[in-house]
Amino acid sequence: MKSSEQKDLEDFRKILEKTSPTDFDGHTDFDKLTPEQRLLWLSECAQFLTEVERD
């Protein structure tokens, strides 16, 4: 893993440590997003999962 990727992952983990369960309680308002926003959101989730699974 490149050092910039490692730093990004460390930064992400620090942010995750500051989250609470209420941040993940399903209130995404996904139904209010435009089709383009939904596709972007889904593609970012897929990218995240792909990158996390590599580690």
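Heads up: the structure comes first, above all this text.
Position numbers for residues start from 1 in each chain and track the written sequence from start to end. Residue-level local features of this predicted model are given only where pLDDT is at least 70; pairs of side-chain atoms are given and counted only at 80 or more, and the full residue set underlies all totals for whole chains, interfaces and linings. The basis for every side-chain value is the complete set of non-hydrogen atoms in the structure, without hydrogens or water.

### Things to note about the overall build of the chain
Think of it this way: any DSSP run of H or I at least four residues long counts as a helix, any run of E at least two long counts as a strand, and we number them from the N terminus. When helices and strands are counted, the chain shows two helices and zero strands. In this description the radius of gyration comes from C-alpha coordinates, and the expected globular size is given by 2.2 Å times residues to the power 0.38. Taking 55 residues into account, the globule formula puts the C-alpha radius of gyration at 10 Å, and the chain, at 14 Å, lies well above it. For the C-alpha atoms alone, the extent of the chain along its principal axes is close to 35 × 25 × 15 Å. Residues counted as buried form 2% of the 55 residues belonging to the chain. Values of accessible area rely on a 1.4 Å probe in the Shrake-Rupley scheme; residue burial ignores everything except the protein chains shown. Here the chain displays about 5,200 Å² of accessible surface, and carbon together with sulfur accounts for 57% of that area. Here's how the labels work: a residue is buried when its accessible area is under 20% of the maximum for its type, exposed when over 50%, partly exposed in between, all with a 1.4 Å probe on protein chains only.

### Considerations on the pattern of salt bridges
Within this document, salt bridges are pairs made up of a side-chain nitrogen of Lys or Arg and a carboxyl oxygen of Asp or Glu, the two lying within 4 Å of each other. Following the criterion strictly, the structure yields two salt bridges and no others. Here Lys7 and Asp11 are joined by a salt bridge, their closest N and O atoms 2.9 Å apart. Taken together, the positions of Lys7 and Asp11, both in helix H1 (residues 3–17) and four residues apart, correspond to about one turn of that helix. The exposure class of Asp11 is partly exposed, given its relative accessible area of 29%. When the shortest N-O distance is used, the salt bridge between Lys32 and Asp29 registers 4.0 Å.

### Here's the deal with a nonpolar patch on the surface
Think of a patch as exposed residues, more than 30% relative accessible area, with no salt bridge, where like charges cluster within 9 Å and nonpolar side chains (Val, Leu, Ile, Met, Phe, Trp, Tyr) cluster within 5 Å. Nonpolar side chains collect at one region of the surface, where Phe12, Leu16, Phe24, Phe48, Leu49 and Val52 lie side by side and expose about 530 Å² of accessible area between them. With three residues, helix H2 (residues 35–54) is the largest single contributor of residues to the nonpolar patch. Relative to the helices and strands, Phe48 resides in helix H2. Classification of Phe48 as partly exposed rests on a relative accessible area of 36%.

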